[in-house]
Amino acid sequence: QVQLVESGGGLVQAGGSLRLSCAASGRGIYHMGWFRQAPGKERELIAAIDWSISRTYYAASVKGRFTISRDVVKNTLYLQMASLKPEDTAVYYCAAAQGGDYSRAAPYGDWGQGTQVTVSS
């Protein structure tokens, strides 16, 4: 089993930046990703990374503004968010998968507790 702990959320003005971190522990991580869930909406996969070769995926809504990266020594996942918009407001979750297609939501079975990101206009 994998344990995930997010940090770095908060309140930011539109156009600003934030960096989320996710510290991972445990075995069997093949892929990691960031999901978000806004009030009244389904949880969506917004960025993902193949842990071994660092291949990345981005949802169209964040492509060009968000950057996912990982530090394999620290076993930490990051999400650098720039040019934030009010519609980016959501709870952001870190997740890990032990196989499957890293760009799909289905393989992700281990979750962090979530961190709130609020973007004011």
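Scroll up for the structure.
Now for a look at the structure at hand. No experiment lies behind these values; they were computed from the predicted model shown.

1. So, the packing of aromatic side chains
Stage number 1. Applying the stated rule across the entire model yields 3 aromatic pairs.
Stage number 2. Aromatic side chains F35 and Y108 sit 5.4 Å apart centroid to centroid with 75° between the ring planes, which places their arrangement in the edge-to-face category. One end of the pair, F35, is in strand 4 (residues 31-37); the other, Y108, is in strand 10 (residues 108-111), and 73 residues separate them in sequence. Per residue, the accessibility class of F35 equals that of Y108, and both read buried.
Stage number 3. In this structure an aromatic cluster arises from ring pairing among F35, Y93, Y108 and W111.
Stage number 4. The ring of W111 carries the charged tip of R43 above its face, separated from the ring centre by 4.5 Å.

2. Some points on the pattern of salt bridges
Stage number 1. Scanning all chains against the criterion turns up 5 salt bridges.
Stage number 2. Residue D88 pairs with R36 through a salt bridge whose shortest N-O separation is 2.9 Å. One end of the pair, D88, is in the loop between strand 8 (76-81) and strand 9 (90-97); the other, R36, is in strand 4, with 52 residues separating them in the sequence. Each member of the pair D88 and R36 is classed as buried.
Stage number 3. As a salt-bridge pair, R55 and D50 come within 3.7 Å of each other at their nearest N and O atoms.
Stage number 4. Taking relative accessible area as the criterion, R55 reaches 45% and is therefore assigned partly exposed.
Stage number 5. Linked by salt bridges that have partners in common, R36, E44, R65 and D88 make up one network.

3. Quick look at the sheet that holds strand 7 (residues 66-71)
Hydrogen bonds between backbone groups are what pair the strands of a sheet, and the pairing can be parallel or antiparallel.
Stage number 1. Strand order in the open sheet formed by 4 strands is 1-3-8-7, and the pairing between neighbours is antiparallel. Edge strands, defined here as strands with exactly one partner in the open sheet, are strand 1 (2-7) and strand 7. The average angle at which neighbouring strand axes cross in this sheet is 20°, direction not considered.

Parameters at a glance
- Residues numbered from 1 in each chain as written.
- Predicted model: local features only at pLDDT ≥ 70, side-chain atom pairs only at ≥ 80, totals over all residues.
- Heavy atoms only, no water.
- Phe/Tyr/Trp six-rings, centres within 6.5 Å; stacked < 30°, edge-to-face > 60°.
- Helix = DSSP H or I, 4+ residues; strand = E, 2+ residues; numbered from the N terminus.
- Buried < 20%, exposed > 50% of the residue type's maximum accessible area, 1.4 Å probe, protein only.
- Lys NZ or Arg CZ within 6 Å of the ring centre and 35° of its normal.
- Salt bridge = Lys/Arg side-chain N within 4 Å of Asp/Glu carboxyl O.
- Pairing = 2+ DSSP bridges.
- Axes fitted to C-alpha atoms, helices over the stretch in contact; angles between N-to-C directions.

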